[in-house]
Amino acid sequence: MAQEVKPYKGEDSSKKEQVTKMFDTISGEYDGLNRMISLGLDQKWRANVVEMVAATNPDTIMDIATGTGDLVIQMAQKTKASKLIGLDISSGMLEVGKLKVKDEALDDRIEMVLGDSENLPFKDDSIDAVTVSYGVRNFENLEKGLSEIRRVLKPQGILVILETSIPSKFPFKQGYYVFSKVVVPTIGKLFSKDKTAYGYLQKSAKAFPYGERFNNILKKVGFNDIQHFLQFQGASTIYRAIK
């Protein structure tokens, strides 16, 4: 079992409560800092996720841990899905996302929903495609969250996850450790309202069971046809699985 990493040391609240508090605090600055920390590469990686989902021609799509809605908006623009749901546990992030959805005139297709990934408010076998972008490492109970996703997916429905991982080859591995351990927390301390948030994001990425370990968890909860694709030599990974 992966080590549980929480944003705030010394607080007795659950990981779920702490993650909600953290994202509520940084919601207004999240997009800009995310672009800075990923050097803009996260946009390309999200585009790869959209391409995988679009290839299955889904009519209903749910983006879990949608944050400020970047991915669900891209999927609305690049697919013919009639209904898209952006779900997040942080009301602060959702409020930013709702404004972006309105600005793109996508209110008629995208619904932004406050909800818990481990207790999804949707019927069994009701969604064609589910995505999660940099969110599964924040699940309090990873297997429960993935099982809930599988429950709401239709048979043959697709799950696509974009998540951090650690490069294994020189010099990318060494460069990643310097960047994630020094640069990312420093940027967070300089520019973020929450001085601990970006330190947490680095630690949670390190603790996440990426690669084959995560494939095995997906298999354990019942997914099939599991594949993973390294992004930028493994700085992030896209996982694709079928119910």
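Bear in mind the structure is a predicted one, so any value in this text is a computation, not a measurement. (Residues numbered from 1 in each chain as written. Predicted model: local features only at pLDDT ≥ 70, side-chain atom pairs only at ≥ 80, totals over all residues. Heavy atoms only, no water.)

Engineer: Help me understand the nonpolar core, please; the structure alone is not making it clear to me.
Structural biologist: Note that soluble globular proteins tend to have their nonpolar side chains buried in a common cluster. Of all hydrophobic cores here, the largest spans 27 residues; its most connected members are Met-62, Ile-64, Leu-146, Ile-149, Leu-159 and Phe-214. Looking at this core, the elements with two or more residues in it are strand E1 (60-64), strand E2 (83-88), strand E4 (127-133), helix H6 (142-152), strand E5 (153-164), helix H9 (212-220) and strand E7 (236-242). Among the elements that take part in this core, H6 stands out by supplying 4 residues, more than any other. Excluding its chain neighbours within four sequence positions, the residues that come into contact with Ile-149 are Ile-64, Leu-120, Val-130, Val-132, Phe-139, Leu-159 and Phe-223. Grouped together as the second largest cluster of nonpolar side chains are 26 residues, Val-72, Ala-81, Val-101 and Met-112 included. (Core = buried A, V, L, I, M, F, W, Y, C linked by side-chain atoms within 4.5 Å. Buried < 20%, exposed > 50% of the residue type's maximum accessible area, 1.4 Å probe, protein only. Helix = DSSP H or I, 4+ residues; strand = E, 2+ residues; numbered from the N terminus. Contact = heavy atoms within 4.5 Å.)

Engineer: Would you take a moment to explain the pairing of E7 for this structure?
Structural biologist: Residues in a regular strand project their side chains so that they alternate between the two faces of the sheet. Counting buried positions along E7 gives 6 out of 7 residues, so the element sits mostly inside the fold. The pairing of E5 with E7 spans 7 bridges and is classified as antiparallel. Counterpart to Leu-162 in the pairing with E7 is Ile-238. Pairing of strand E6 (residues 224-231) with E7, which is carried by 6 bridges, proceeds in the antiparallel orientation. Note on E7: the bridge partner recorded for Phe-229 is Ile-238. (Pairing = 2+ DSSP bridges.)

Engineer: Can you walk me through the pattern of salt bridges in this structure?
Structural biologist: If the charged atoms of two oppositely charged side chains come close together, the side chains can form a pair. Summed over all chains, the structure comprises 13 salt bridges. With a shortest N-O distance of 3.4 Å, Glu-118 and Lys-16 are connected by a salt bridge. Taken together, the positions of Glu-118 in the loop between strand E3 (110-114) and E4 and Lys-16 in helix H1 (residues 15-26) put the pair 102 residues apart, joining distant regions of the chain. Taking relative accessible area as the criterion, Glu-118 reaches 6% and is therefore assigned buried. Residue Lys-16 is classed as partly exposed on the basis of its relative accessible area, which comes to 22%. The closest approach of N and O atoms between Lys-220 and Glu-143, which form a salt bridge, is 3.1 Å. Placement of the pair is Lys-220 in helix H9 and Glu-143 in helix H6, with a sequence separation of 77 residues. (Salt bridge = Lys/Arg side-chain N within 4 Å of Asp/Glu carboxyl O.)

Engineer: Is there a simple way to think about the environment of Arg-46 in this case?
Structural biologist: Mapping Arg-46 onto the fold places it in helix H3 (residues 41-54). Along the backbone, Arg-46 and Ser-90 are 44 residues apart, and their C-alpha atoms lie at a distance of 20 Å. Setting aside residues no more than four positions away along its own chain, Arg-46 makes contact with Asn-34, Arg-35, Leu-71, Gln-74, Ser-133, Tyr-134 and Leu-162.

Engineer: Whenever I open this one, a nonpolar patch on the surface confuses me. Can you help?
Structural biologist: A cluster of nonpolar side chains, namely Met-36, Leu-190 and Phe-191, defines an oily patch on the protein surface of about 320 Å² accessible area. Here Phe-191 lies in helix H7 (residues 172-191). (Patch = residues over 30% accessible without salt bridge, like charges linked within 9 Å, V, L, I, M, F, W, Y side chains within 5 Å. Areas by Shrake-Rupley, 256 points an atom, 1.4 Å probe, with all protein chains shown as cover.)

Engineer: Would you mind showing me how to read unusual backbone geometry here?
Structural biologist: Peptide bonds are mostly trans, and most non-glycine residues show a negative phi. Backbone torsion omega between Phe-170 and Pro-171 reads 0°, so that peptide bond is classified as cis. Inspection of the secondary structure puts Pro-171 in the loop between E5 and H7. Positive phi, close to 50°, is recorded for Asn-57, a residue that is not glycine. For Asn-57, the location among the structural elements is in the loop between H3 and E1. When its relative accessible area of 67% is taken as the criterion, Asn-57 is described as exposed. Of note, Ala-65 is a non-glycine position whose phi angle comes to about 60°, a positive value. Mapped onto the elements, Ala-65 comes out in the loop between E1 and helix H4 (70-78). Note on Ala-65: relative accessible area 26%, which makes it partly exposed.

By themselves, these observations are geometric and do not establish any function.
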